[in-house]
Amino acid sequence: MKRNLVSIIIPTKNSSHQLPRCLYLIQRQNYHPIEIIIIDSNSDDREKTASLVKKYHGVFYTYAPKVKEGLFDATRKRNYAAKRAGGEYIYHFDTDMEITPHVVREAVALCKNGYDAIIIPEDSFGEGIWASAKNLERRFFWGDDTVESPRFFKKTAWNAVGGYDEEIAGGGDDRDIYHTLKEKGYKVTRTKNIILHNEGTLHLTYLMKKQFMYKREAIKFIRKRPLMSIISYFPIRKSHITKWGMFAARPKDTLCLVIMKACESMAGLCGILYSLVK
């Protein structure tokens with residue numbers, strides 16, 4: 001484990017079209033040293049992904065964990081890569097995320113000031129009314145401990161809790177490790193700098209399918225942490241009241257957000273019911 005080295009872990013699956021922008025922005029961080037680790041699950045575009053990783057002096061692994069078709073393998077891939085990471089810190093995100101220039105420097109500074117894991121707030125952008133609604137939703141999440149979870153860790157803290165619970169995925173893995181860290185007395189805080197989530201062109205049907213897939217695995221998180229799962233998955237949040245001015249400032253996006261959340265909640269419920277009867 002190299003002192004001050006940050007290992008950035010990015011799982012990939014047929015995402016070479018997103019990777020150049022992602023890697024370019026990592027390279028432009030005002031913090032060094034950074035180790036880039038790409039963990040790919042035998043993608044169709046594997047050769048192109050490997051070539052891009054080489055261009056940006058990263059480390060490339062192929063790992064395709066055995067999971068049921070349609071389920072998420074990112075949790076296992078992140079654990080696999082973390083065990084091979086050489087850094088004192090590990091930070092994971094996805095290929096559709098764009099890191100702003102000062103994120104890593106601030107996260108490392110917070111760890112040196114006594115924190116063990118860091119939440120990086122997310123904003124988003126994209127095309128269409130649903131992307132705009134998703135942007136509004138994410139801004140309500142800022143500062144909400146029942147939604148936001150750490151993605152930047154001291155390697156010692158990560159190892160102490162055993163990484164992600166590989167039986168949980170679809171977002172519950174992030175929530176679970178956060179509460180495991182807190183239960184063991186580790187300190188968590190958040191950065192002022194943000195990371196951007198590129199939503200692309202969003203369609204309501206895509207969002208519903210995504211929620212169905214996510215919630216299809218949620219039953220494992222619900223059984224492990226029933227109270228926290230209710231709080232995390234409940235569609236109405238305290239921030240909707242405390243930040244009501246955001247609704248007033250963006251009435252069109254508010255209407256779309258209400259429709260979007262209703263459809264996502266319905267799809268998510270179907271995913272949970274599917275997992276119970278499957």
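The structure reproduced in this document is the subject of the present report. Note on numbering: residues in each chain are counted from 1, in written sequence order. A pLDDT threshold of at least 70 governs which residues receive local features in this predicted model, and a stricter bar of 80 or more applies before side-chain atom pairs are shown or counted, although totals over entire chains, interfaces and linings include all residues. Computation of side-chain values covers all heavy atoms of the structure but excludes hydrogens and water.

**Overview of the overall build of the protein chain**
Numbering of helices and strands runs from the N terminus, with a helix taken as a DSSP run of H or I at least four residues long and a strand as a DSSP run of E at least two residues long. The number of helices and strands found in the protein chain is 13 helices and 10 strands. Against the 2.2 N^0.38 benchmark of 19 Å for 278 residues, the protein chain shows a C-alpha radius of gyration of 18 Å, consistent with a compact globule. Viewed in the frame of its principal axes, the protein chain has a C-alpha envelope of about 45 × 40 × 35 Å. We call a residue buried when its accessible area falls under 20% of the maximum for its residue type, exposed when it is over 50%, and partly exposed in between, using a 1.4 Å probe and counting protein chains only. Counting only residues that meet the buried cut, the protein chain has 51% of its 278 residues in that class. It only takes one pair of heavy atoms within 4.5 Å for two residues to be counted as in contact. Within the protein chain, counting contacts between residues at least 6 apart in sequence, those at least 24 apart form 80% of the total. The charge count treats Lys and Arg as positive and Asp and Glu as negative. His and the chain ends do not count. Each charge is placed at NZ for Lys, CZ for Arg, CG for Asp and CD for Glu. Looking at charge distribution, the protein chain has the averaged site of its 45 positive side-chain charges lying 2 Å from that of its 31 negative ones. Radius of gyration here uses only the C-alpha atoms, and the compact-globule reference equals 2.2 Å multiplied by the residue count raised to the power 0.38.

**Regarding helix H10 (residues 226-233)**
Because the α-helix completes a turn every 3.6 residues, residues three or four places apart line up on one side. Those residues of H10 not exposed but buried are Met 228, Ser 229 and Ser 232. On an axial view of H10, the arc spanned by its buried residues comes to 100°, and they lie on one face. Relative to its buried face, H10 has exposed residues pointing more than 90 degrees away, namely Leu 227 and Ile 230. Among the structural elements, helix H7 (172-183) and helix H9 (218-224) are those in contact with the buried residues of H10. Read the arc as the range of directions from the helix axis to the C-beta atoms.

**What to know about the sheet that holds strand S3 (residues 59-62)**
The pairing criterion for strands is at least two bridges between them, as found by DSSP. Pairing is mixed across the open sheet formed by seven strands, whose spatial order is S3-S2-S1-S4-S8-S6-S9. A single partner strand is all that each edge strand has here, and the edge strands are S3 and strand S9 (188-190). Between one strand axis and the next, the sheet turns through 25° on average, direction left out of account. Bridge count for strand S6 (residues 117-119) against S9 is three bridges, and the pairing is parallel. Bridge pairing in S9 places Ile 119 opposite Arg 190. Only the contacting stretch of a helix is used when fitting its axis, a line to C-alpha atoms as for every element, and angles between N-to-C directions run 0 to 180 degrees.

**Observations concerning the packing of aromatic side chains**
Note on aromatic contacts: the rings of Phe and Tyr and the six-membered ring of Trp form a pair at centre separations within 6.5 Å, being stacked when their planes are under 30 degrees apart, edge-to-face when over 60 apart, and tilted otherwise. Enumeration over the complete set of coordinates arrives at 10 aromatic pairs. An angle of 50° between the planes, with centres 5.5 Å apart, marks the rings of Tyr 91 and Phe 152 as tilted. Here Tyr 91 is found in strand S4 (residues 87-92), whereas its partner Phe 152 is found in strand S8 (residues 152-154), with 61 residues between them in sequence. Taken individually, Tyr 91 and Phe 152 each receive the classification buried, so the pair is uniform in this respect. Between the aromatic rings of Phe 153 and Trp 158, the centroid separation amounts to 5.1 Å while the plane-to-plane angle is 65°, which identifies the pairing as edge-to-face. Neither residue differs from the other here; Phe 153 and Trp 158 are each classed as buried. Three or more aromatic residues joined by ring pairs make a cluster, and in this case those are Tyr 89, Tyr 91, Phe 93 and Phe 152.

**So, the packing of helix H5 (residues 129-141) against helix H13 (residues 251-277)**
Packing of H5 against H13 brings their axes to within 8 Å, and their N-to-C directions diverge by 85°. Comparing their axes, H13 and H5 come out roughly perpendicular. Between H5, through Ile 129, Trp 130, Ser 132, Ala 133, Lys 134, Leu 136, Glu 137 and Phe 140, and H13, the contact on the second element is made entirely by Lys 252, Asp 253, Thr 254, Cys 256, Leu 257, Ile 259, Met 260, Lys 261 and Glu 264. Three classes are used: nonpolar for Ala, Val, Leu, Ile, Met, Phe, Trp, Tyr, Cys and Pro, charged for Asp, Glu, Lys and Arg, and polar for all others, with Gly counted as polar. Residue classes in the contact of H5 with H13 are distributed as nine nonpolar, two polar and six charged. Our angle categories are set so that under 35 degrees counts as roughly parallel, over 145 as roughly antiparallel, 65 to 115 as roughly perpendicular, and the remainder as oblique.

**Describing unusual backbone geometry**
Here the amide bond leading from His 32 into Pro 33 is cis, since omega sits at 10°, within 30 degrees of zero. Positive phi, close to 50°, is recorded for Asn 14, a residue that is not glycine. When you line up the elements, Asn 14 lands in the loop between strand S1 (2-12) and helix H1 (19-27). We classify Asn 14 as partly exposed; its relative accessible area is 33%.

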